[in-house]
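Structural overview for review
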Amino acid sequence: MKLLSFLFLASMVAKSSQLTCQNELRRPEITDIAVECGTSSVSLAIQICPVVYTGYNESLLILNHLFDKPECKGTLDESVTPPVVRFTFPINMTNACGSTFLTTSAAGTGIFADFSNIQTVNVSGVVRSHDPTEGVVTYNAELKYYYSCAYPLEYLINNTQVDVSASSIAVRDNNGSFISTLSMELFSDANYITPLVIPSLGLELRTDVFVQVKAANLTNQYHVLMDRCYASLSPQPTNSTFFNLFVSCSKDQMTTMSENGDSHHARFSFPAFRFVEQQNETVSTYYLHCITRLCEISTCGDFKQCNNRRKRDAQSNGVSEATTLSSAIPIVTRNENSLISKEEAVSSSSDSDSRMGLGIAVGVLTLAVVVVVAVAAVLYRRLRPF
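Everything in this summary refers to the structure shown in the same document. Throughout, a residue's number is its position along its own chain's written sequence, starting from 1. In view of the model being predicted, local features appear only for residues whose pLDDT reaches at least 70, and side-chain atom pairs are presented and counted only at 80 or more, with totals across whole chains, interfaces and linings using the full set of residues. Hydrogens and water are ignored here; the side-chain numbers use all heavy atoms of the structure.

**Re the pattern of salt bridges**
A pair can form between side chains of opposite charge whenever their charged atoms are brought close. Rule in force here: In what follows, salt bridge is the name for a side-chain nitrogen of Lys or Arg lying within 4 Å of a carboxyl oxygen of Asp or Glu. Under the scheme applied here, a residue whose accessible area is under 20% of the maximum for its type counts as buried, over 50% as exposed, and between as partly exposed, the area being computed with a 1.4 Å probe on protein chains only. Only DSSP runs of H or I reaching four residues or more are called helices, and only runs of E reaching two or more are called strands; each is numbered from the N terminus.
In this structure the tally under the stated criterion is 5 salt bridges. Between E29 and R26 there is a salt bridge; the shortest N-O distance is 3.9 Å. On the basis of relative accessible area, E29 is assigned to the partly exposed category, the value being 40%. R293 is the partner of D227 in a salt bridge, and the nearest nitrogen-oxygen pair spans 2.9 Å. Placement of D227 in strand β13 (residues 222-232) and of R293 in strand β18 (residues 283-296) is noted, with a sequence separation of 66 residues between them. You can call R293 buried: its relative accessible area is 3%. Counted as one network, the salt bridges with shared partners bring together R26, E29 and D32.

**Regarding a nonpolar patch on the surface**
Filter applied, for reference: For patch building, the residue pool is restricted to those with more than 30% relative accessible area and no salt bridge; the joining distance is 9 Å between like charges and 5 Å between nonpolar side chains (Val, Leu, Ile, Met, Phe, Trp, Tyr). Using a 1.4 Å probe, accessible areas were evaluated by the Shrake-Rupley method; residue-level cover was limited to the displayed protein chains.
Residues V136, V137 and Y139 make up a contiguous nonpolar surface patch of about 420 Å² in total accessible area. Examined against the element boundaries, V136 turns out to sit in the loop between β7 (118-129) and β8 (144-152).

**Focus: the environment of A34**
Under the convention used in this document: Only heavy atoms enter the contact rule, under which two residues are in contact if any of them lie within 4.5 Å.
Residue placement: A34 occurs in strand β1 (residues 33-37). By relative accessible area, A34 is classed as partly exposed at 42%. In this structure A34 touches S43, L44 and A45, once residues within four positions along its chain are discounted.

**Digging into the packing of aromatic side chains**
Note on aromatic pairs: each is described by the distance of the centres and the angle between the planes. Selection criterion: Geometry of aromatic contacts follows a simple scheme: Phe, Tyr and Trp rings, the Trp one being its six-membered ring, pair when their centres are within 6.5 Å, and the pair is stacked under 30 degrees between planes, edge-to-face over 60, tilted otherwise. For a Lys NZ or an Arg CZ to count as sitting over a ring, it must be within 6 Å of the ring centre and within 35 degrees of the ring normal.
Inspection of every chain in the model, using the stated rule, returns 11 aromatic pairs. With a centroid separation of 5.5 Å and an interplanar angle of 50°, the aromatic rings of F89 and Y147 are classed as tilted. Taken together, the residues F89 in strand β5 (residues 84-90) and Y147 in strand β8 connect sequence positions 58 residues apart. Judged by its relative accessible area of 1%, F89 is buried. Accessibility expressed as a relative area gives 2% for Y147, which makes it buried. A ring pair is formed by F270 and F273, whose centres lie 5.8 Å apart and whose planes are at 45°; its orientation type is tilted. Classification of F273 by relative accessible area gives buried; the value is 17%. What links up through ring pairs into an aromatic cluster is the set F243, F246, F268, F270, F273, F275 and Y286. Across from the ring centre of Y230, 4.0 Å away, lies the NZ or CZ of R228, which sits over that ring. Looking at R228, its charged tip hangs above the ring of F242, at a distance of 5.3 Å from the centre.

**Brief notes about the state of the cysteines**
Throughout this description, disulfide means a covalent bond between two cysteine sulfur atoms. Applied cut-off: Two cysteine sulfurs form a disulfide in these notes if their separation is within 2.5 Å.
Per the counting criterion, the structure on display carries 5 disulfides. Bridging C21 to C49, the disulfide has an S-S length of 2.4 Å. Given an S-S torsion of about -110°, the disulfide between C21 and C49 has left-handed geometry. Residue C21 is located in helix α1 (residues 2-21), and its partner C49 is located in helix α2 (residues 48-54); the two are separated by 28 residues in the primary sequence. You can call C21 buried: its relative accessible area is 3%. With its sulfur 1.9 Å from that of its partner, C229 forms a disulfide with C290. Disulfide C229-C290: torsion about the S-S bond near 115°, hence right-handed. In this pair, C229 is assigned in strand β13 and C290 in strand β18, connecting sequence segments 61 residues apart.

**Some remarks on the sheet that holds strand β4 (residues 75-77)**
Basically, it comes down to this: In short, DSSP must find at least two bridges between two strands for them to pair. Axis definition: a line fitted to C-alpha atoms, limited for helices to the stretch in contact. Angles are taken between N-to-C directions and run from 0 to 180 degrees.
The 4 strands are arranged β1-β2-β5-β4 in an open sheet whose pairing can be described as antiparallel. On the outer flanks of this sheet lie β1 and β4, each paired with one strand and no other. Here the average twist between neighbouring strands, direction ignored, is 25°. Here β4 pairs with β5 via 3 bridges, running antiparallel. Residue D77 lies in a different strand from β5, and its bridge partner there is V84.

Here it is, written out as structure tokens:
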């Protein structure tokens, strides 16, 4: 019976080899698995030919010991060379095909130095071979393909690397990012329906600006929480002049928080202002930037507590360099103190000079007329007969 089982397995593997691999048969290598860390799902691609060479086929590769879930089984893809077995599962704790979710925390550095708790969630698991041989011994080596995706939950940051455990055959860790799901929009109404349209001459000072940071196609286990939003004269968060609208629980007295950390969007508003540095310009132009984290629903309340923000050494480890989540359009406000533009000032100066020249000419002409009349009167008195 054991011999029949072995012969059946050998026959099945030989058939798979003939159909899919031909000259691609070889020993397994560490590069046999590719991992794609998407914003809503994780995708795995495992080369099938090394699997066949070891004594298995696609139906014998099991994701996280789940034998009874069809949606977690691999699918053979022969449209690519070399052919692969593909696994895809959502980033959701309830149905991630047995994947492990581990959230780690580290102190912020650089632009995040104000925050003591920067989180990264690591999604990991393993695809193992299942040996159907019955008996005391087997001639098939065990295959293990470990995968790992690290998702930073704080943005303006690049992807953050985390370490994963090694395996006997292959391991792939990868950095994912939810940054592509995030967007910032400006509105002109408190219902966040009408997009803000900025006139060519700029907004009037104190015009209400409504800001929304939103996550699209995000798994339900995370909410959007803004840690800091500020305006700067530069479209990128550099060393240019900036103004904090809010940092954690500390906010400018003119900023109004509407919603933060309660859903897939966060909202606040502020009245339009100008930078004093641009007082000699016709308009004041600046850009919005928001440091935004995705917090797990169970922990969002903790991050809203003011004691979670404290100044840390900018040299601490834990966060890579920053990228930007900024407003797509600049905010332009009128400089009310500049009543005329430079062109108007030059024009006004020219008009004033013209009026002054005309006045002088008229004055000289009037004086000449008076002199002529006076001389004529004197001559008339002398020459008239008595």
